[in-house]
Amino acid sequence: MSNVFYQEKFQDRHNGPRAEEAQEMLSYLGVQSLDQLIEQAVPSQIRLKKSLALPKALSEKAYLAKIQRIADKNKVFKSYIGQGYYDVTVPAVIQRNVLENPGWYTQYTPYQAEIAQGRLQALLNFQTAISDLTGLEIANASLLDEATAAAEAMFMLYSARKNKTANVFLVTPNIYPQTLDVLQTRAVPFGVEIRVADLEEANLTEDIFAALIQYPAADGTITDYAAFSEAAHDKNITICAIADLMSVALLTPPGEWGADVVVGNSQRFGVPMGFGGPHAAFFATKEAYKRNIPGRIIGVTSDASGNYALRMALQTREQHIRRDKASSNICTAQALLAIMASFYAVYHGPQGIKDIATRINDLTKLLDKALQELGYDQINETYFDTLRIAVDDHVGALKAEALNNELNFFYHDGIVGISLDETTTFEDIETIVKVFAKIKGKSWNDVELRSMVDQLGSSIPAEAVRTSPYLTHPIFNSYHSESEMLRYIKSLEAKDLSLCHSMIPLGSCTMKLNATTEMLPLTWAHFGGLHPFAPVDQTSGYMQLINELNDWLSEITGFAKMSFQPNSGAQGEYAGLMVIRAYHESRGEEHRNVCLIPASAHGTNPASASMAGLKVVVVKCDAYGNIDVADLRAKAEEHAANLNSLMVTYPSTHGVFEESIIEICEIIHQNGGQVYMDGANMNAQVGLTSPGFIGADVCHLNLHKTFCIPHGGGGPGMGPIGVAAHLVPFLPNHEVVEISGEQGISAVSAAPFGSASILTISYAYIAMMGGEGLTDATKTAILNANYIKARLESYYPVLYAGANGRCAHEMILDCRAFKSVGIEVGDIAKRLMDYGFHAPTVSFPVAGTLMVEPTESESKAELDRFCDALIAIRSEIAAVEAGEIDQKDNVLKHAPHTAEIVSADEWNRPYTRQIAAYPLPYLKVNKFWPSVGRVNDSQGDRTLICSCPSIEEYAEA
Ligand SMILES: *Cc1c(COP(=O)(O)O)cnc(C)c1O
């Protein structure tokens with residue numbers, strides 16, 4: 001046979017094991033074929049009867065040609081729309097070395113601090129920049145978007161309110177509509193009333209617990225709120241401000257005029273608009289609230305040798321501990337984008353940021369002057385970057401002329417809004433002025449505009465001019481040449497373990513390949529440069545992509561329709577539960593408020609349920625890790641009158657395909673409830689079964705797990721939800737861009753399609769895999785997991801398995817027995833670093849265990865290397881068990897070992913330096929050094945330091 005029609009398959013690059021390796025692994029498992037293994041692992045009653053109906057798989061090259069054609073359908077006009085989204089110049093050194101660099105984007109959330117010091121430092125820099133710019137003491141390491149950050153602030157201030165009878169959140173009418181939309185959604189379940197009214201002292205009534213200000217306001221104007229804040233505080237009313245991060249380089253920061261919380265979007269700091277995202281929202285507040293802050297906070301501590309070290313503080317896995325009492329359900333946030341924004345601040349420094357902000361403001365003033373000169377009525381007396389021009393009945397003509405020149409303005413009630421940004425130039429102002437001149441039938445002479453440049457007054461009221469310094473720390477004042485910046489980025493990257501180094505076998509998190517071809521289009525201008533509210537005829541490429549992805553994911557999940565609004569799995573949970581709530585309400589059953597959740601559920605499940613106003617009732621699991629069906633039935637029947645839903649993860653978080661899942665869904669339906677499936681484990685379902693087929697009503701997908709969006713060190717993510725036909729009418733709508741029907745719930749995110757630009761990644765994955773490829777990937781994931789299980793089960797007991805002794809795509813290794821000789825699961829996690837590996841998931845869903853998920857992307861060689869490491873560690877534990885080595889002074893307790901420790905002149909450990917650093921031969925060829933020793937967790941929580949400490953401060957500590 002000739003090779004004329006030979007075609008490379010992407011699938012063969014995505015999956016790890018070569019055909020012959022897969023065969024060896026199957027033999028090791030004692031089965032004849034992959035299909036035989038799948039029959040043993042997946043119960044027959046849930047197996048799909050037909051294969052996925054998806055387009056034929058494309059080669060990488062054919063895919064790039066296709067996505068180029070789609071990109072060309074998006075029109076990138078110059079955006080002056082504003083409304084929270086601005087064009088930016090991404091410094092190329094950041095684009096290539098962070099955003100386009102797998103060393104950064106394939107990192108996991110920094111739970112294992114010793115091999116994550118680089119991103120922890122970058123995130124600490126983010127917190128420092130935010131705290132400086134907003135004028136508040138403490139900031140977190142990002143939230144999902146500006147609107148949800150405002151909602152988180154509302155909830156935090158509500159929980160911490162002094163007057164417990166107050167339930168009104170006073171909101172300025174001068175706020176972006178998408179923010180108000182999300183606030184409305186989030187307020188309903190916990191009984192908060194949103195009152196939209198002017199921010200006047202007279203409106204500060206007793207029933208208000210907090211007030212929300214937008215600064216500058218949605219219309220672009222700037223007001224001094226010092227007196228208002230003081231009056232509010234006198235009445236025990238707290239203040240939340242939504243601030244524009246670029247403007248506060250010139251304006252008095254809200255923290256200085258009395259805001260208790262400041263939230264906003266950091267998109268303007270060098271992150272493309274991306275048709276809505278992803279970008280990092282920020283959240284800053286006073287010290288007094290430090291234990292109430294939602295999301296992740298990075299804090300300073302020290303390592304075992306007393307060296308400077310960073311870690312995630314306080315809220316680490318907060319929902320896992322507090323569950324339905326958690327202050328927020330936020331899990332995946334926007335780490336990579338926060339890191340980009342922080343590097344932007346590092347690269348430009350305080351003077352650079354000020355110069356950029358001042359240019360924006362000066363160009364806006366210039367435009368203002370020119371338009372007035374032309375006889376236009378520019379309404380805003382104060383502004384940073386936004387003008388409003390009353391054009392009355394000329395709107396149509398003006399809009400047409402603007403479009404002719406490929407300019408997008410914001411049109412509202414006969415007023416044209418123009419918001420300038422970092423990319424606006426003098427020439428752009430000329431173009432805009434010519435458009436306005438033409439409408440008036442006037443000619444325009446460029447010389448005139450030039451002559452105005454030096455006659456600009458001030459557009460910022462004197463009392464709102466910023467006088468305090470910011471970004472004063474040396475980190476923001478040292479890396480302003482590209483060489484210095486490049487080396488700084490690389491020095492941080494080098495401290496972090498990512499998929500560039502080794503497998504990251506994190507159970508539940510599905511750290512699979514993020515293929516380069518999947519990532520390439522992300523930074524194309526035709527995806528990055530679109531405003532989420534751009535006119536629809538400019539976004540048809542995006543709409544094609546979203547529609548096709550909707551069809552494909554509907555086919556994969558067995559559902560009728562998807563919503564792409566949720567920006568994370570947890571937000572998908574919340575959105576899905578709100579859809580269920582609307583469904584019950586439509587049937588006159590709004591009293592249904594009981595949500596059943598198995599004890600083994602991920603912590604975000606109960607946290608989301610409580611945010612949706614539901615009462616959580618826990619269902620037991622049996623000794624095999626399955627839902628206790630008798631207990632489920634009893635609780636469903638007991639609560640039948642008020643049963644709202646069941647939240648269930650499938651395969652279970654114990655890594656097992658429960659046989660009884662269909663019956664479980666039926667029990668819930670019989671008792672009037674809906675089934676919410678947590679789709680985090682979808683990687684074990686695709687092509688073999690589906691949530692719709694099993695009988696669920698709603699399911700979220702973590703596109704950043706199953707569908708190849710990289711984890712980015714803790715975000716971005718996308719958590720679209722799929723629903724059965726009866727729930728379609730209730731899918732989320734959006735105040736600015738209509739995307740659902742009359743019965744649709746209000747928005748759950750600021751942007752209509754969430755972080756739309758990263759949908760290109762999942763789209764690429766499905767397009768290049770095709771139905772068969774996706775199904776093979778699922779089977780391979782199950783093969784890889786069962787291979788690890790078989791190799792390790794005589795060393796570590798494996799908790800739970802299906803009826804035939806097979807696991808699904810992940811398994812739990814029990815490490816609790818080692819406690820009797822003082823070895824904790826955490827010691828194993830740290831010792832794995834010496835072997836060059838990131839630990840599996842620690843202590844979820846069972847305390848004292850490791851949950852391993854290899855994914856389909858790992859080769860047999862890598863799986864073997866990982867198993868060899870764990871087996872070697874087991875023998876190190878055995879030496880402790882045998883009493884050969886001290887329980888406290890051993891290689892596990894001292895792990896991880898840094899180069900500094902191993903090469904120190906002094907060595908007084910009861911094991912050799914070789915054993916410490918090179919316990920297996922492969923390490924001699926390829927060694928990853930942890931940059932710090934074991935970090936001190938409790939010290940970090942006792943004394944919280946959440947911004948970059950000064951050198952002196954650090955020396956004292
Ligand atoms: C990851 C995960 C979630 C939360 O998803 P995020 O995208 O991080 O918000 C929920 N449930 C399970 C089982 C998960 O593994």
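Residue positions are given per chain, counting from 1 as you read along its sequence in written order. Owing to the predicted nature of the model, reporting of local features is limited to residues with pLDDT of at least 70; listing and counting of side-chain atom pairs is limited to 80 or more, with chain, interface and lining totals taken over all residues. Each side-chain value is worked out from all heavy atoms of the structure, with water and hydrogens disregarded.

As annotated in an unreviewed UniProt entry, the chain carries the name Glycine dehydrogenase (decarboxylating) and is attributed to Sphingobacterium chuzhouense. UniProt positions are given in the numbering used here, feature names are shortened, and annotations may be inferred rather than shown by experiment. Under the UniProt heading Catalytic activity (unreviewed entry), the note attached to the chain is "N(6)-[(R)-lipoyl]-L-lysyl-[glycine-cleavage complex H protein] + glycine + H(+) = N(6)-[(R)-S(8)-aminomethyldihydrolipoyl]-L-lysyl-[glycine-cleavage complex H protein] + CO2". We quote the UniProt Function (unreviewed entry) comment for the chain here in full: "The glycine cleavage system catalyzes the degradation of glycine. The P protein binds the alpha-amino group of glycine through its pyridoxal phosphate cofactor; CO(2) is released and the remaining methylamine moiety is then transferred to the lipoamide cofactor of the H protein."

Overview of helix α23 (residues 661–670)
Given 3.6 residues per turn, any residue in an α-helix points the same way as the ones three and four places further on. When accessible area is computed with a 1.4 Å probe and restricted to protein chains, residues below 20% of their type maximum are described as buried, those above 50% as exposed, and intermediate ones as partly exposed. Secondary structure elements follow DSSP: runs of H or I no shorter than four residues count as helices, runs of E no shorter than two count as strands, and numbering proceeds from the N terminus. What α23 keeps buried is the set Ile661, Ile664, Cys665, Ile667 and Ile668. Taken around the axis of α23, the buried residues stretch over an arc of 160 degrees, which confines them to a single face. Any two residues whose heavy atoms approach within 4.5 Å at even a single point are treated as in contact. Its buried side turned inward, α23 meets β17 (594–598), α22 (629–638), β19 (643–649), β20 (674–678) and α24 (691–694). At the C-terminal side of α23, Gly672 shows a positive phi close to 85 degrees. By construction, the arc corresponds to the directions joining the helix axis to the C-beta atoms.

Re the site of the ligand
The full set close to the ligand counts 14 residues, and Thr332, Ser508, Gly569, Asp678 and Lys705 are the nearest of them. Pairing of N or O atoms within 3.5 Å defines a polar contact, subject to two protein rules: one partner must be a possible hydrogen donor and the other a possible acceptor, and residues neighboring in sequence count only if both atoms are side-chain atoms. Within the backbone of Ala570, one N or O atom sits 2.8 Å away from an oxygen atom of the ligand. In the model, an oxygen atom of the ligand is placed 2.7 Å from a nitrogen or oxygen of the His704 side chain. Within the complex, the protein chains bury 98% of what would otherwise be the 380 Å² of accessible surface of the ligand. Here the shell around the ligand gets three residues from one element, more than from any other, and that element is helix α20 (residues 569–586). Grouping the constituent residues of the shell around the ligand by class yields three nonpolar, eight polar and three charged. Residues are counted as near a molecule or strand when any one of their heavy atoms sits within 4 Å of it. Where accessible areas are quoted, they stem from the Shrake-Rupley method and a 1.4 Å probe; at the residue level, only the protein chains shown are allowed to cover. Asp, Glu, Lys and Arg are counted as charged, while Ala, Val, Leu, Ile, Met, Phe, Trp, Tyr, Cys and Pro are counted as nonpolar; the rest, among them Gly, fall into the polar class.

A short note on the side chain of Glu862
The topology assignment puts Glu862 in helix α27 (residues 860–881). At 3.0 Å, the side chain of Glu862 and the side chain of Arg865 are in polar contact. If we skip the residues at most four places from it in the chain, Glu862 touches Ser502, Met503 and Phe837.

So, the sheet that holds strand β22 (residues 721–723)
The criterion for strand pairing is that DSSP finds at least two bridges linking the strands in question. The strand order across the open sheet formed by seven strands is β16-β22-β21-β20-β19-β17-β18, and the pairing between neighbours is mixed. Each edge of the sheet is formed by a strand with only one pairing partner; in this case those strands are β16 (561–563) and β18 (615–619). For this sheet, the mean angle separating the axes of adjacent strands, direction not counted, is 25 degrees. Pairing between β19 and β20: five bridges, direction parallel. Considered in β20, the bridge of Thr649 is made with Asp678. On top of the sheet, α23 reaches β17, β19 and β20; it is set at about 140 degrees to β20, its chief contact. Geometry is summarised by axes, namely lines fitted to C-alpha atoms with helices restricted to the contacting stretch, and by angles between N-to-C directions that run from 0 to 180 degrees.

Focus on the pairing of strand β24 (residues 811–814)
Regular strands have side chains that alternate between both faces of the sheet. On β24, burial covers both faces: Met811 and Leu813 on one face and Ile812 and Asp814 on the other are all buried. As paired elements, β24 and strand β26 (residues 849–852) share four bridges and run antiparallel to each other. Among the inter-strand pairings, Asp814 is bridged to a residue of β26, identified as Thr849.

A closer look at the sheet that holds strand β11 (residues 377–378)
Read across the sheet, four strands follow the order β11-β12-β15-β14 without closing on themselves; strand pairing throughout is antiparallel. Since the sheet does not close on itself, it has two edges, and those belong to β11 and β14 (410–412), each with one partner. As paired strands, β11 and strand β12 (residues 386–390) are joined by two bridges and run antiparallel to one another. Of the residues in β12, the one forming a bridge with Asp377 is Ala390.

Some words on the domain arrangement of the chain
Many authors give the size of an interface as the accessible area that is lost as the parts come together. Domain ranges listed in this record stem from an automatic or a database domain assignment. Splitting the chain by domain gives domain 1 (522–768) and domain 2 (773–939). Relative to domain 2, the C-alpha centre of domain 1 lies at a distance of 33 Å. Facing 24 residues of domain 1, the contacting portion of domain 2 comprises 22 residues. A quick way to say it: buried area is the sum, across both parts, of accessible area lost when two parts are put together, with a 1.4 Å probe. Interface area, domain 1 with domain 2, both sides summed: about 1700 Å², of which 65% is carbon and sulfur. The salt bridge definition used is simple: a Lys or Arg side-chain nitrogen within 4 Å of an Asp or Glu carboxyl oxygen. In this assembly, domain 1 and domain 2 are joined by zero salt bridges. At the junction of domain 1 with domain 2, the criterion picks out five residue pairs in polar contact (both at pLDDT 80 or more). The residue inventory of the side of domain 1 that touches domain 2, partitioned by class, reads twelve nonpolar, eleven polar and one charged.

Regarding the UniProt feature "domain: Glycine cleavage system P-protein N-terminal" (unreviewed entry) in the chain
Summarizing the sequence annotation, UniProt attributes the feature "domain: Glycine cleavage system P-protein N-terminal" (unreviewed entry) to residues 12–436 and 450–732 in the numbering used throughout. This span, residues 450–732, is 32% helix and 11% strand, and a straight line between its end C-alpha atoms measures 48 Å.

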